[in-house]
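Secondary and tertiary structure notes
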Amino acid sequence: MSIPITLIDLLPSTSLDAGEVFCGSLNASLSAEGLKNLKKVVKRQANWEVVISSEHNACLPFARWLAEKNHLPLKSYPELAEMNFGAWEGQTPASIMEQNPTILARWWRNPACLVPPEGESFAHFQGRISALWERLMVEHKGKRVVLVAQPGVIRLIIMQVLGMPSRNFFSLAIESGTISQIRVMHDEAGVWASLVTYGCHA
């Protein structure tokens, strides 16, 4: 009896029309360059069976285009939203550093140790992404999936698969126009995920 294998390709939506700002709840769209990079990286991919997406405006329109182009089902999840950055939304890191030189440095060192003003805690963000990730691995057992989400979500999924602590969250570079792949094996003992490729360009 063969062991079911699920392949989940992680596709980050990174370049926004709002520029290099914190964008969790901010309703920013993909920039023209960001859209070009996403289309380039999926150009040679044609064997997916389902498209999964965040409902954010930086992700869902592209995911819908990808699903329609390849005649695939599309499933969107509000839980796949990027972290809510609260008062930092729409601001650049440089502007926050000007206001408070230490707060952002502390958050970058370990996001679990500091909550952005009026924002979402890392524990809450991690909890909702992790819970959905566990569901997705079961719901799409044995399929080839592509998941479109913002950088923090992709970073957190990879971090969970690798068992990394929160202090290493920003050690994972998530760049525009790249794709990573998680392989999930299902057997009687449980579900086993491993990182197959990371940050590959088209």
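Everything in this summary refers to the structure shown in the same document.

Conventions we followed
Residues numbered from 1 in each chain as written. Predicted model: local features only at pLDDT ≥ 70, side-chain atom pairs only at ≥ 80, totals over all residues. Heavy atoms only, no water. Helix = DSSP H or I, 4+ residues; strand = E, 2+ residues; numbered from the N terminus. Rg over C-alpha atoms; globule rule 2.2 N^0.38 Å. Buried < 20%, exposed > 50% of the residue type's maximum accessible area, 1.4 Å probe, protein only. Contact = heavy atoms within 4.5 Å. Areas by Shrake-Rupley, 256 points an atom, 1.4 Å probe, with all protein chains shown as cover. Lys, Arg positive; Asp, Glu negative; His and termini not counted. Charge placed at Lys NZ, Arg CZ, Asp CG, Glu CD. Pairing = 2+ DSSP bridges. Phe/Tyr/Trp six-rings, centres within 6.5 Å; stacked < 30°, edge-to-face > 60°. Lys NZ or Arg CZ within 6 Å of the ring centre and 35° of its normal.

Within the protein, the regular secondary structure consists of six helices and six strands. Sequence-ordered secondary structure for the protein, helices as α and strands as β, is β-α-β-α-β-α-α-α-β-α-β-β. For the protein, whose C-alpha radius of gyration is 17 Å, the value lies close to the compact-globule estimate of 17 Å for 202 residues. Based on the C-alpha atoms only, the size of the protein along its principal axes is roughly 60 × 40 × 25 Å. Looking at the protein residue by residue over its 202 residues, the buried ones come to 46%. Look at the contacts in the protein between residues 6 or more apart in sequence, and 70% of them connect residues 24 or more apart. Carbon and sulfur atoms make up 53% of the accessible area of the protein, which totals about 9,900 Å². Seen as two clouds, the 18 positive and the 18 negative side-chain charges of the protein have centres 7 Å apart.

Taking burial as the measure, the 10 residues of strand E5 (residues 178-187) include seven buried ones, the bulk of the element. In terms of strand pairing, strand E1 (residues 5-12) meets E5 through six bridges, oriented antiparallel. Within E5, the residue paired with Ile5 across the bridge is Met185. In this structure, E5 lies alongside strand E6 (residues 190-201), joined through nine bridges in antiparallel fashion. Bridged to Ile179 within E6 is Cys200. Joining the antiparallel neighbours E5 and E6 is a turn of two residues.

This paragraph deals with the packing of aromatic side chains. Summed over all chains, the structure comprises 10 aromatic pairs. Plain terms: the ring middles of Phe122 and Phe169 are 5.2 Å apart, the flat faces sit at 75° to each other, and that makes the pair edge-to-face. Of this pair, Phe122 sits in helix H5 (residues 122-139) while Phe169 sits in the loop between helix H6 (151-162) and E5, and the two are 47 residues apart along the sequence. Taken as a pair, Phe122 and Phe169 share a single burial class, namely buried. Put simply, the rings of Phe22, Phe85, Trp88, Trp107, Phe122, Phe125, Phe169 and Phe170 pair up and form one aromatic cluster. Between the NZ or CZ atom of Lys39 and the centre of the ring of Trp65, over which it lies, the distance is 4.5 Å. For Arg155, the ring lying beneath its charged end belongs to Phe169, and the centroid distance is 5.3 Å.

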